[in-house]
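Descriptive structure summary
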Amino acid sequence: TAEIAAAVNCDLTIIDARYGIGKSHHFKSGGIAIKPDRIIISGDMLAADRIAADLLAEYYDGFQVEMAAPHLDHAANIGLGAAGRDDVIIKEAAV
């Protein structure tokens, strides 16, 4: 939850989004493999979560960013990071 994240207050967030699962958290429950092929690294944990939500929506039709909005907005309201998507700057690099 956002309150736990606030207590930890990390300086760097890394999300491995090379592969993911849409629809369910497990393949046994009908999860669908997706391959965004990205690694998200940010000093703002909420910015990282916002980008991860964008990627999930892009690669899995059953998800819309609005589905995560209550959680993302709550985290922003308690000061965890980027208030909105417009507050996020993306820099991409190929490896």
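So, a few notes on the structure that sits alongside this text. (Residues numbered from 1 in each chain as written. Predicted model: local features only at pLDDT ≥ 70, side-chain atom pairs only at ≥ 80, totals over all residues. Heavy atoms only, no water.)

**With respect to the overall build of the protein chain**
The helix and strand inventory of the protein chain stands at three helices and four strands. Ordering the α and β elements of the protein chain from the N terminus gives α-β-β-β-β-α-α. Expected size for 95 residues packed as a compact globule is a radius of gyration near 12 Å; at 14 Å, the protein chain falls within 12% of this value. Across its three principal directions, the C-alpha atoms of the protein chain cover 35 × 30 × 25 Å. (Helix = DSSP H or I, 4+ residues; strand = E, 2+ residues; numbered from the N terminus. Rg over C-alpha atoms; globule rule 2.2 N^0.38 Å.)

**Digging into the side chain of S42**
As for its position among the elements, S42 is in strand β4 (residues 38-42). A distance of 2.9 Å separates the side chain of S42 from the backbone nitrogen of D44, its partner in a polar contact. Once residues lying within four places of it in the same chain are set aside, the contact partners of S42 are D11, L12, T13, A47 and A48. (Polar contact = N/O pair within 3.5 Å; in protein donor to acceptor, adjacent residues only side chain to side chain. Contact = heavy atoms within 4.5 Å.)

**Structural notes on the environment of A52**
Residue position: A52 is located in helix α2 (residues 45-59). Of the residues examined, A52 reaches a relative accessible area of 23% and is grouped as partly exposed. Between the alpha carbons of A52 and A17 there is a distance of 7.5 Å; along the sequence they are 35 residues apart. If near-sequence neighbours (up to four positions away) are discounted, A52 is found in contact with I15 and I40. (Buried < 20%, exposed > 50% of the residue type's maximum accessible area, 1.4 Å probe, protein only.)

**Topic: α2**
With 15 residues, α2 ought to run about 21 Å at 1.5 Å a step, and its terminal C-alpha atoms sit 21 Å apart, in line with that. Within α2 the residues assigned to the buried category are M45, L46, A47, A48, R50, I51, A53 and L55. Contact partners of the buried residues in α2: α1 (2-8), β1 (13-17), β4 and α3 (69-77). Residue D44 occupies the N-cap position of α2, its side-chain oxygen lying 3.0 Å from the main-chain nitrogen of L46. (Expected span 1.5 Å × (residues − 1).)

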